[in-house]
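Structure assessment
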Amino acid sequence: MAVFWLLIGFVILFLSGDWLIKGSVALSRHFKISTLVIGLTVVAFGTSAPELFVSVQAAFDGIPDLAIGNIVGSNIANIGLILGLVSIVMPISTKNKAIWFDWTIMAVATLLLIMFVYNGTICFFEGLIFITILLLYLVWSVFHTRRKSMQNNELFLVSEISIFKSVLLIIFSVVGLYFGAEWLVKGATSLAFSWGVSDRVIGISIVAFGTSVPELATSLMALVRKENDISVGNIIGSNIFNIMAVLGVTSLINPLEVKDFAMLVQDIFVSMALGVLLLLFMLPLSNGMISRWKGAILFICYIIYIYVLYI
């Protein structure tokens, strides 16, 4: 049964990723917002929904290491596994200079996470800080891109899908992502528990991989549809949402206590290191390219990291 849930979860996640891209691109054309911002907001929020559901449930179940491990592991998987695999399949062009600001927000979120968990707990007030910064970032992103588009007289294609159908597609895709991730995690966690590994390792590897599959599905579909900005924006935006929205909301509901300090010393810093490597690979930001060999390096780093977790 575990294998069955794994397979059905994968299929639903990939279908939902395709729907999310269709609905999001259509929405960006209706509201004259760049696909990068849509990738950083609507798509990132949709693909981060599984992390939110899993982390809140883990917090209520009294498994905070699984909740935080899921987020940190997802951010590592997003860059190392997802972006690595996607760029191996097809090199990703990163021409939008705004990605520098978005990467900076991702780095700030990671540094704040390091600061907040240093005393062993992410409390209500710290969760509130995460949510406040996220809201300010989203408002700035939307207004900045609209102003820039108007100044440059940017032409937007007319969407063939109505606003109602676009929103409906996004809603259905998020529901699909939720159930797909839940079934995938159900199968993967059953296997992991039978192997006798810790909550932290399960959260960082198995559960994080399961909840990151929506990002893989969405990024691959974005490349197929030649929406490179959504592909990269989805990964960076998802990492921002994972920390600020998911951990923010979760700690507002129930403060998160870090019990396994190996996560503090090792895992969060691995996440930061991969983020720095991603920035180097995107240079020059005005006309960068994440080539196949760069993707291979990211992927190899992820495989080594997972191997070290299990030895």
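For the structure itself, consult the block above.
Position numbers for residues start from 1 in each chain and track the written sequence from start to end. Whole-chain, interface and lining totals are the exception, using all residues; otherwise, since this is a predicted model, local features are given only for residues with pLDDT of at least 70 and side-chain atom pairs are given and counted only at 80 or more. Think of the side-chain values as coming from all heavy atoms in the structure, minus any hydrogens and water.

**Some words on the side chain of serine 271**
Our working definition: Secondary structure elements are defined from DSSP: runs of H or I of at least 4 residues count as helices, runs of E of at least 2 residues count as strands, and each element is numbered from the N terminus. In this description, contact between two residues means that some pair of their heavy atoms is separated by no more than 4.5 Å.
Relative to the helices and strands, serine 271 is located in helix α9 (residues 262–282). Among residues more than four places away in sequence, those in contact with serine 271 are Val72, Asn75, Ile76 and Thr110.

**What to know about the packing of aromatic side chains**
Threshold: Classification of ring pairs rests on two measures: the distance between centres of Phe, Tyr or Trp rings, Trp counted by its six-membered ring, which must be within 6.5 Å, and the angle between planes, read as stacked under 30 degrees, edge-to-face over 60 and tilted in between. Buried means the residue's accessible area, taken with a 1.4 Å probe over protein chains only, is under 20% of the maximum for its type, while exposed means over 50%, and partly exposed covers the values in between.
Counted under the stated rule, the structure contains five aromatic pairs. When the centroid spacing of 5.9 Å and the interplanar angle of 10° are considered together, the rings of tryptophan 100 and tryptophan 103 count as stacked. Pair noted here: tryptophan 100 and tryptophan 103 are both in helix α4 (residues 99–117), with a separation of three residues, about one helical turn. By relative accessible area, tryptophan 100 is classed as partly exposed at 41%. Seen from their ring centres, phenylalanine 101 and tryptophan 140 are 4.2 Å apart, and the 40° between their planes marks the pair as tilted. In this pair, phenylalanine 101 is assigned in helix α4 and tryptophan 140 in helix α5 (residues 124–151), connecting sequence segments 39 residues apart. The class of phenylalanine 101 is partly exposed, set by a relative accessible area of 29%. One aromatic cluster is present, formed by Phe101, Tyr137 and Trp140 through successive ring pairs.

**Side note on the environment of glycine 180**
For glycine 180, the position within the fold is in helix α6 (residues 163–195). For glycine 180, a relative accessible area of 0% puts it in the buried group. On a C-alpha basis, the gap between glycine 180 and leucine 6 in space is 8.8 Å, while along the polypeptide they are 174 residues apart. Contacts of glycine 180, omitting those with residues within four sequence positions, involve Gly9, Ile12 and Leu13.

**A look at the nonpolar core**
Note on soluble globular proteins: their nonpolar side chains tend to be buried together. Inclusion rule: Nine residue types can take part in a nonpolar core, namely buried Ala, Val, Leu, Ile, Met, Phe, Trp, Tyr and Cys, and a core is a set of them joined through side-chain atoms within 4.5 Å.
Ranked by internal contacts, the top residues of the largest apolar core, which has 62 residues, are Leu113, Ile122, Leu134, Ile236, Ile240 and Met282. Broken down by secondary-structure element, the contributors of at least two residues to this core are α2 (35–60), α3 (64–89), α4, α5, α7 (199–224), α8 (228–253), α9 and α10 (292–310). Looking at this core, the element that brings in the most residues is α3, giving twelve residues. The contact partners of isoleucine 122, leaving out residues within four places of it in the chain, are Ile68, Leu113, Phe116, Val117, Leu247, Ser251, Pro255 and Leu256. With eight residues, the next largest nonpolar core counts Leu6, Leu13, Leu27 and Val213 among its residues.

**Some details on the environment of tyrosine 302**
In this fold, tyrosine 302 is placed in helix α10. A sequence separation of 224 residues divides tyrosine 302 from asparagine 78, and the C-alpha atoms of the two residues are 9.8 Å apart. Dropping the residues within four chain positions of it, tyrosine 302 is found in contact with Ile76, Ala77, Gly80, Leu81 and Phe209.

**Overview of the environment of leucine 220**
Within the fold, leucine 220 resides in helix α7. Owing to a relative accessible area of 22%, leucine 220 belongs among the partly exposed residues under this scheme. In the structure, leucine 220 is positioned 130 residues away from methionine 90 in sequence and 8.9 Å away in space, judged by C-alpha atoms.

**With respect to the packing of α3 against α10**
The criterion, for reference: Lines fitted to C-alpha atoms define the axes, with helix axes restricted to the stretch in contact, and inter-axis angles between N-to-C directions lie between 0 and 180 degrees. Should the near helix be turned counterclockwise from the far one by less than a right angle, the crossing is left-handed, whereas a clockwise turn marks it as right-handed. Side-chain classes follow a simple rule in which Ala, Val, Leu, Ile, Met, Phe, Trp, Tyr, Cys and Pro form the nonpolar group, Asp, Glu, Lys and Arg form the charged group, and the remainder, Gly included, forms the polar group.
The N-to-C vectors of α3 and α10 enclose an angle of 145°; their axes lie 7 Å apart at closest approach. Where α3 crosses over α10, the two elements pack in a sense that is left-handed. For the pair α3 and α10, the contacting residues are Ile76, Ala77, Ile79, Gly80, Leu81, Gly84, Leu85, Ser87, Ile88 and Val89 in the first and Arg292, Gly295, Ala296, Leu298, Phe299, Tyr302 and Tyr305 in the second. Per-class residue counts for the contact of α3 with α10 are twelve nonpolar, four polar and one charged.

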